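Take a look at the letters that make up each chain.
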Amino acid sequence: MATTYGPKRLVVGAHYGWRDWLVQRLSGIIMALFTIALLAQLIASSGPIGYETWAGIFASQWMKTITFATIVALIWHAWVGMQSIWMDYVKPDGLRLVFYLVTAFWLVACGGWAIQVLWRL
């Protein structure tokens, strides 16, 4: 029988915490850096901020690429957060699985929509 107390106890599932913590921090940093870059471009723009300004900011390939990287970071960030919520508050396994599937479908759909908007596919 496995020891359930003390320093030699068998801990199952604890390895997820470090990875999730790191994903949340790294994706948060990516989103913060993108926000700073976007604000810098808006501050550097002259005249009123309208459709032409926004279209100009997102016209270059490098901006589309970092925008998509930020969207991927946002999706990953949201997945880890929602996974934690479902795991902590939804106890029936079948219902939790449904919530996981709906969340995954929604996030993949949002990623596909982002590709369509950024590259007009």
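Above this text you will find the structure in question.
Residues numbered from 1 in each chain as written. Predicted model: local features only at pLDDT ≥ 70, side-chain atom pairs only at ≥ 80, totals over all residues. Heavy atoms only, no water.

Across its full length, the protein chain carries four helices and zero strands. For the protein chain, the sequential pattern of α-helices and β-strands runs α-α-α-α. The buried share of the protein chain, taken over its 121 residues, is 21%. If you sum the accessible surface of the protein chain, you get close to 9000 Å²; carbon and sulfur atoms cover 74% of it. (Helix = DSSP H or I, 4+ residues; strand = E, 2+ residues; numbered from the N terminus. Buried < 20%, exposed > 50% of the residue type's maximum accessible area, 1.4 Å probe, protein only. Areas by Shrake-Rupley, 256 points an atom, 1.4 Å probe, with all protein chains shown as cover.)

Glancing now at the nonpolar core. Counting residues in each nonpolar core, the largest one holds five residues, listed as Phe34, Leu38, Leu42, Ile57 and Met63. Apart from residues no more than four positions distant in its own chain, Leu42 is found in contact with Ile49, Thr53, Trp54 and Ile57. (Core = buried A, V, L, I, M, F, W, Y, C linked by side-chain atoms within 4.5 Å. Contact = heavy atoms within 4.5 Å.)

Turning next to the pattern of salt bridges. Counted under the stated rule, the structure contains two salt bridges. In this structure, Arg96 and Asp93 form a salt bridge, with 3.6 Å as the shortest nitrogen-oxygen distance. You can see Arg96 and its partner Asp93 sitting in helix α4 (residues 93-119), three residues apart, about one turn around the helix. Assessed through its relative accessible area of 16%, Arg96 is described here as buried. (Salt bridge = Lys/Arg side-chain N within 4 Å of Asp/Glu carboxyl O.)

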